[in-house]
Every structure is written in C-alpha cells, then in structure tokens.
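Descriptive structure summary
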Amino acid sequence: MDAIIFDIDGTLWDSRIPVAHSWNRSIEKYTGKPSTFTPEYLGRYFGQTMDVIVSVLLPDKSPEEREKYGELIFQEENEWLEHEPGLVYPGVEETMERLSKRWPLYVVSNCQSGYIETMLRVSGLGRFVSGTLCYGDTNEGKGRNLVTLSNRYGLKDPVYVGDTQGDADACAEAGMPMIYAAYGLGEVKHPWKQINAFPELLDILE
C-alpha cells in the first residue's frame, strides 16, 4: 500500500443537518415554495453525483433550470458550511495525523467543486491531505476519478475508505481495495475490510 484515499460524508464527517438547512433555504429561495427535506431523507443521496441530487431537490424543473439552480444551491451549501460545519467523527483528526506520517492521504468524492476544500478548512484536516478530486472538477464519477487521481500522483497500490455500496462499486471499477466505514451512512456487501470506528484504521493499516 502506498496511499490512503478517503470519502468525506459518512467517513470523515456527518454534514446532513447543516446541508439540509442550506438546501431547504436555497430551494425556497429559488422556487418560492416551502422545502422541508429532513437530514435523514437527504442522507440517502449523499455520495450520489450532483446531477442525481439536483433531480431529487428540483424534480419539477427542466434540465436547464436544474443545472442553473443546482450550481447556485451547491455554491450556497459551501458558504453555509463555513458557519455551520458538519460534525467530524470521533478520532478522525488524531488518526489522520498518525496515518499522514507514514502515507500520503487524499480525498475523492462525488461532490461539487469547493466542498472538499471547505470541509478540510473548517475541520482543520487539510494539513494532512496531499490532494483531492471530485465530480465537480471533472464531471466524472468516483470510479473514474479514483483512477485519475492515482495516475496524477503516481499511486500504484492505494486503498480507499468509504461507507456506501456506491463507494464499493467505484473501487471495483478502479481496481482498488476498499475499507468499509460501517459507522457511516450506508451499507456495503462483502467489504474487503471493515471498521466500526475511524481509529480502527490504525489496527488494519499499521
């Protein structure tokens, strides 16, 4: 193993509550209709690509309107998280600090541009991360982005840490083993390895 790549939502932190606040506010702003999406409901779609999420948030809008308003909604989400950030899971900071002394750490997500950077800044985790890539940067899904990031940084044998079956499918596409964060937002069938708390990565990897 020569690197560790992380998912964000359900792996490093839980941002469902502030993101629900932000999305509901933005949807009401741009549609003129009340929006009452709950954090639990929206959590089902965390990890999906932005186009899928926008179709859920704005089902009555045309594709052109979804693209237009989706960009605004996601931009406002990044700004909202600056003053109402998500909750970093217990032990993440200390564990990433230890891991970063031995391996380079990266983040790949299906989120919009700016989300990873915002999360790393408000959480203080950015000092441990050597590079990032997301759907908003490339318009590519996670599987392809895992390959792209690996090629960009010359990674030969990285491992991914994520929490959904979508993460597992992306790793299979990229030919990369995945460690399943079972404390997160999803379920994974037949994971390569599993952790029930973030610090357990130290037992598996060190």
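Residues numbered from 1 in each chain as written. Predicted model: local features only at pLDDT ≥ 70, side-chain atom pairs only at ≥ 80, totals over all residues. Heavy atoms only, no water.

Comments concerning a negative patch on the surface
Together, Glu 64, Glu 65, Glu 67 and Glu 71 make up a negatively charged patch on the protein surface. By secondary structure assignment, the location of Glu 67 is in helix H4 (residues 63-83). (Patch = residues over 30% accessible without salt bridge, like charges linked within 9 Å, V, L, I, M, F, W, Y side chains within 5 Å. Areas by Shrake-Rupley, 256 points an atom, 1.4 Å probe, with all protein chains shown as cover. Salt bridge = Lys/Arg side-chain N within 4 Å of Asp/Glu carboxyl O. Lys, Arg positive; Asp, Glu negative; His and termini not counted. Charge placed at Lys NZ, Arg CZ, Asp CG, Glu CD. Helix = DSSP H or I, 4+ residues; strand = E, 2+ residues; numbered from the N terminus.)

Things to note about the environment of Tyr 135
The topology assignment puts Tyr 135 in helix H7 (residues 135-138). In this structure, the C-alpha to C-alpha distance between Tyr 135 and Ser 113, residues 22 residues apart in sequence, is 7.4 Å. Discounting residues that sit within four places of it in the chain, Tyr 135 has contacts with Thr 49, Met 50, Asp 51, Ser 109, Asn 110, Cys 111, Glu 140, Gly 141 and Asn 145. (Contact = heavy atoms within 4.5 Å.)

What about helix H9 (residues 165-174)?
Asp 167, Ala 168, Ala 170, Cys 171 and Ala 174 are the residues of H9 that are buried. All buried residues of H9 fall inside an arc of 160 degrees around its axis, so they share one side. Away from its buried face by more than 90 degrees, H9 exposes Ala 172 and Glu 173. Close packing links the buried residues of H9 with helix H8 (142-153), strand E6 (158-162) and strand E7 (178-181). Where H9 ends, the next residue or the one after it, Gly 175, has phi of about 70 degrees, a positive value. (Buried < 20%, exposed > 50% of the residue type's maximum accessible area, 1.4 Å probe, protein only. Arc of directions from axis to C-beta.)

Some details on the nonpolar core
Judged by nonpolar contacts, the single largest core of 48 residues is most densely connected at Ile 4, Phe 6, Trp 23, Met 96, Leu 99 and Leu 201. Discounting residues that sit within four places of it in the chain, Met 96 has contacts with Phe 6, Leu 12, Leu 105, Leu 125, Phe 128, Val 129 and Phe 198. Of all hydrophobic cores here, the second largest spans 17 residues; its members include Leu 146, Tyr 160, Met 176 and Tyr 180. (Core = buried A, V, L, I, M, F, W, Y, C linked by side-chain atoms within 4.5 Å.)

With respect to the pattern of salt bridges
The final tally for this structure, using the stated rule, is six salt bridges. The salt bridge involving Asp 14 is made with Arg 16; its shortest N-O contact spans 2.8 Å. Among the ionic contacts, a cluster of salt bridges with common partners joins Asp 7, Lys 142 and Asp 167.

Quick look at helix H1 (residues 16-31)
Over its 16 residues, H1 extends 22 Å from the first C-alpha to the last, a length consistent with the 22 Å expected when each residue adds 1.5 Å. Its buried side turned inward, H1 meets helix H2 (39-43), helix H3 (50-57) and H4. Just downstream of H1, Gly 32 is the residue with a positive phi angle, here 75 degrees. (Expected span 1.5 Å × (residues − 1).)

Thoughts on the environment of Glu 65
Considering the arrangement of structural elements, one finds Glu 65 in helix H4. Overall, Glu 65 belongs to the partly exposed group, its relative accessible area being 31%.

Considering the packing of aromatic side chains
Counted by the stated rule, this structure contains nine aromatic pairs. Between Trp 13 and Tyr 115, the aromatic rings sit 6.3 Å apart at their centres with planes inclined by 70 degrees, giving edge-to-face as the arrangement. Note that Trp 13 is positioned in strand E2 (residues 13-14) and Tyr 115 in helix H6 (residues 115-123), a separation of 102 residues in sequence. Of the two residues, Trp 13 and Tyr 115, neither departs from the other in class, the shared state being buried. (Phe/Tyr/Trp six-rings, centres within 6.5 Å; stacked < 30°, edge-to-face > 60°.)

Observations concerning the packing of H8 against H9
Where H8 contacts H9, the axes come no closer than 7 Å and their chain directions differ by 50 degrees. As the angle between them shows, H8 and H9 are arranged oblique. Where H8 crosses over H9, the handedness of that crossing is right-handed. Together, Lys 142, Gly 143, Arg 144, Leu 146 and Val 147 of H8 and Asp 167, Ala 170, Cys 171, Glu 173 and Ala 174 of H9 make up the contact between the two elements. Taken together, the residues of the contact of H8 with H9 break down into five nonpolar, one polar and four charged. (Axes fitted to C-alpha atoms, helices over the stretch in contact; angles between N-to-C directions. Parallel < 35°, antiparallel > 145°, perpendicular 65-115°, else oblique. Left-handed = near helix turned anticlockwise from the far one by under 90°. Nonpolar A, V, L, I, M, F, W, Y, C, P; charged D, E, K, R; others polar.)

None of the figures reported here should be taken as evidence of function without further support.
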